[in-house]
Amino acid sequence: MAVLLLGEVTNGELNRDATAKAVSALKSLGDVTVLCAGASAQAAGEAAATIDGVAKVLVAEDALYGHRLAEPAAALLVGLADGFDHIAAPATTDAKNIMPRVAALLDAMVISDVSAVVDADTFERPVYAGNAIQTVKSKDAKKVLTIRTASFDAAGDGAAAPVEATAKADDPALSAWVADEVVESDRPELTSAGRVVSGGRGVGSKDDFALIEKLADKLGAAVGASRAAVDSGYAPNDYQVGQTGKVVAPELYVAIGISGAIQHLAGMKDSKVIVAINKDEEAPIFQIADYGLVGDLFATVPELTEKL
Amino acid sequence: MKVLVPVKRVIDYNVKARVKADGSGVDLANVKMSMNPFDEIAVEEAIRLKEKGVATEVVAVSIGVKQAQETLRTALAMGADRAILVVAADDVHTDIEPLAVAKLLKAVIDEEQPGLVIAGKQAIDNDMNATGQMLAALLGWGQATFASKIEIEGETAKVTREVDGGLQTIEVKLPAIVTADLRLNEPRYASLPNIMKAKKKPLDEKTAADLGVDVSPRLEIVSVKEPEGRKAGIKVETVDELVSKLKEAGVV
């Protein structure tokens, strides 16, 4: 059994956390070969080679892969698929874009957001916004998967595996990159942060969202938001934690002015310690919080920021 | 340009999904069903393109059980011109897999020849986030997933996408598949007169067999269970108490 894992490479840099979590999910299935593709990907490939459990790294360096467009990336993976039983990627937005395309080209049904690997054919995954866990057994010859990184610990460092260059695939020439609008931030990345502070509809406005950011900065935490806060325009969509946003599992999750809709809980309930601050003592968030504080967030959050 | 919008009938997003006692799935009998929220956004976007004079016709398509007629009537009441239902299951608990849905949609698209397909990015029942991408692969078309903005410029669509860390704008050659993310638009409510009018709009019915597509699943559902619960902790009275508890827990 052999696994081909698409490493998460952005602008030449490996997202080691997401990639290493996927390696730890998959290494029981066989030798893991990591593919790093990008306009520059050699350094990312060398970084991936030191993840414990990686047997080999393939590097595809070409301008074609510089902007993570789905069609060329899928063509590359399909071209390399021979000899692999599992083709996988961490469930980032890039992989969610690419992997179903790969699966359809291989006439296989993609298995999205795998939260546990039972055996080579059988996987668990959340459905209905995390309200149910489905166990599925695939009948496909090649399994195409995305891995829900929050469900796995990152693999550690190991001896460097061999790194080889691989040729680029033909360009399907169906799409072209125009621009990236990356939010520059000194804060940690949401899905891999050890601490997350999130605000909900209770925060009340875009301006007051600064309260959430101040507490996050005091804690060295990433900033998150509920879907309600995003829909109300208080926070950008890439802050969204929940089934329709990002799934996080930090050491500490602070939910402020968040009622605790099912869709939000699906994105954060695996956090180690959950703190909830809400003025409504009946809010469902208190049913899953380790420490609940009933009170006005406009008074308690600045006080908490000061006292930490 | 004709725009085709696939829509799915799913459990209403305000209803809590309950796992059946036999572990075979989520109970959908006598549960309120609605159009998948991301598909509503897709329908809205297609109608706006028609209102701007970019699209000439909006065709809604649903793959599923006979009852998906209601979902298509909703799309027609919002402003779609006509609808196509492909009946592929009898039991409301049967979820047709995205790969089979994509194959059925491809067969419909081969007949209809739309210039653009706008789909929801994900259905809120199986949460697969796959049908649009799979359909693009089967058609050999370009794809622009998780769209928050769509502009049609001649032979291309310029699409802004919601990605990890921010936004990405790409251009895809038409015909193409675009999948809708949350912030693309806010779907309208159908007015009563439009709901009445929708009853007279054409709704064609076909079966999966008519289209020659095998819809047998590739993934056997072994079991469906409730997630492990998390117990409520304690309530603290003051910020000071919270700070000391967090210090005790070693997380600050």
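Residues numbered from 1 in each chain as written. Chains lettered and ligands numbered in written order. Predicted model: local features only at pLDDT ≥ 70, side-chain atom pairs only at ≥ 80, totals over all residues. Heavy atoms only, no water.

Formally: UniProt positions are given in the numbering used here, feature names are shortened, and annotations may be inferred rather than shown by experiment.
The name an unreviewed UniProt entry gives chain B is Electron transfer flavoprotein subunit beta, with Paracoccus homiensis as the organism. Quoted straight from UniProt, the Sequence similarities (unreviewed entry) entry for chain B says "Belongs to the ETF beta-subunit/FixA family." Here chain B is described in UniProt, under the heading Subunit (unreviewed entry), as follows: "Heterodimer of an alpha and a beta subunit."

Going by what an unreviewed UniProt entry lists, chain A is known as Electron transfer flavoprotein subunit alpha and is assigned to Paracoccus homiensis. For the record of chain A, the UniProt heading Sequence similarities (unreviewed entry) holds the text "Belongs to the ETF alpha-subunit/FixB family."

**A few points about the interface of chain B and chain A**
As a reminder of what qualifies: Contacts between residues were defined by any pair of non-hydrogen atoms, one from each residue, lying within 4.5 Å. Buried area: the sum, over both parts, of the accessible surface (1.4 Å probe) that disappears when the two are put together. Should a side-chain nitrogen of Lys or Arg be within 4 Å of a carboxyl oxygen of Asp or Glu, the pair is scored as a salt bridge. Pairs of N or O atoms within 3.5 Å make up the polar contacts considered here, provided that, within protein, one atom can donate a hydrogen while the other can accept it, and that residues adjacent in sequence are counted only when both atoms are side-chain atoms. Here a strand is any run of E in DSSP of at least two residues, a helix any run of H or I of at least four, and the numbering for each starts at the N terminus. Gly is placed with the polar residues, together with every amino acid not listed as nonpolar (Ala, Val, Leu, Ile, Met, Phe, Trp, Tyr, Cys and Pro) or charged (Asp, Glu, Lys and Arg). Between any two strands, pairing holds if DSSP finds at least two bridges.
At the interface, 77 residues of chain B touch 87 residues of chain A. Carbon and sulfur atoms make up 56% of the surface buried where chain B meets chain A, a total of about 6,800 Å² over both sides. Scanning the region where chain B abuts chain A turns up seven salt bridges. Here chain B is connected to chain A by 44 residue pairs in polar contact (both at pLDDT 80 or more). If you list the elements that add at least two residues to the side of chain B that touches chain A, you get helix 3 (98-112), helix 4 (131-139), strand 7 (142-153), strand 8 (156-163), strand 9 (166-173), strand 12 (219-225), strand 13 (234-236) and helix 6 (239-248) of chain B. Looking at side-chain class alone, the side of chain B that touches chain A contains 38 nonpolar, 15 polar and 24 charged residues. By the bridge criterion, six bridges tie strand 10 (residues 132-138) of chain A to strand 12 of chain B in an arrangement that is antiparallel. When the sheet's bridge partners are listed, A:Val136 is paired in strand 12 of chain B with B:Ile221.

**A word on the UniProt feature "domain: Electron transfer flavoprotein alpha/beta-subunit N-terminal" (unreviewed entry) in chain A**
The positions UniProt marks with the feature "domain: Electron transfer flavoprotein alpha/beta-subunit N-terminal" (unreviewed entry) are residues 3-181 of chain A. For residues 3-181 of chain A, the helix share is 23%, the strand share is 35%, and the end-to-end C-alpha distance is 33 Å.

**Structural notes on helix 6 of chain B**
Going by this rule: Throughout this description, buried means an accessible area under 20% of the type-specific maximum (1.4 Å probe, protein chains only), exposed means over 50%, and partly exposed covers the range between. Directions pointing from the helix axis toward each C-beta atom define the arc.
Within helix 6 of chain B the residues assigned to the buried category are B:Val239, B:Leu242, B:Val243 and B:Leu246. Buried residues in helix 6 of chain B, looked at end-on, bunch into an arc of 100°, giving them a common side. Taken together, the buried residues of helix 6 of chain B touch strand 16 (252-256), strand 17 (273-278), strand 18 (291-294) and helix 8 (297-307) of chain A together with strand 13 of chain B. A positive backbone phi angle near 75° is found at B:Gly250, which sits one or two residues after helix 6 of chain B.

**Looking at empty space enclosed by the protein**
All names here are of chain A. Rules: Note on definitions: the grid is 1 Å and covers protein atoms alone; a cavity is a set of points where a 1.4 Å probe fits but cannot get out; a pocket is an open set with protein on both sides within 12 Å along at least five of seven lines; lining residues have an atom within 4 Å of a point. Grid points are joined across faces, edges and corners, and a volume is the space filled by probe spheres set on the points.
The final tally for this structure, using the stated rule, is three cavities of 30 Å³ or more. In this structure, the largest cavity spans a volume of roughly 150 Å³. What lines the largest cavity is a set of 14 residues, among which Leu6, Gly7, Ala37, Arg68 and Ile98 lie closest to the centre. When residues of the lining of the largest cavity are traced back to their parent elements, those giving at least two are strand 6 (86-90) and helix 4 (93-105). Looking at the lining of the largest cavity element by element, the count peaks at three residues for helix 4. A breakdown of the residues in the lining of the largest cavity according to their chemical character gives ten nonpolar, one polar and three charged.

**With respect to the confidence of the model for chain B**
To be explicit about the condition: For every residue, the predictor assigns a confidence score, pLDDT, that lies between 0 and 100.
Across chain B, pLDDT averages 96, with 100% of residues at or above 70. At the level of chain-chain contacts, confidence expressed as ipTM amounts to 0.96, with global pTM at 0.93.

**Thoughts on the sheet that holds strand 14 (residues 195-199) of chain A**
Condition: Helix axes are fitted to C-alpha atoms over the stretch in contact, other axes to C-alpha atoms as well, and angles between N-to-C directions run from 0 to 180 degrees.
In spatial order, the strands read 15(A)-14(A)-16(A)-17(A)-18(A)-13(B); together these six strands make up an open sheet with parallel pairing. Of all the strands in the sheet, just strand 15 (222-225) of chain A together with strand 13 of chain B have a single pairing partner and so form its edges. Direction aside, neighbouring strands of the sheet carry axes that sit 20° apart on average. The pairing of strand 14 of chain A with strand 15 of chain A spans four bridges and is classified as parallel. Bridging across to strand 15 of chain A, A:Gly199 finds its partner in A:Ala225.

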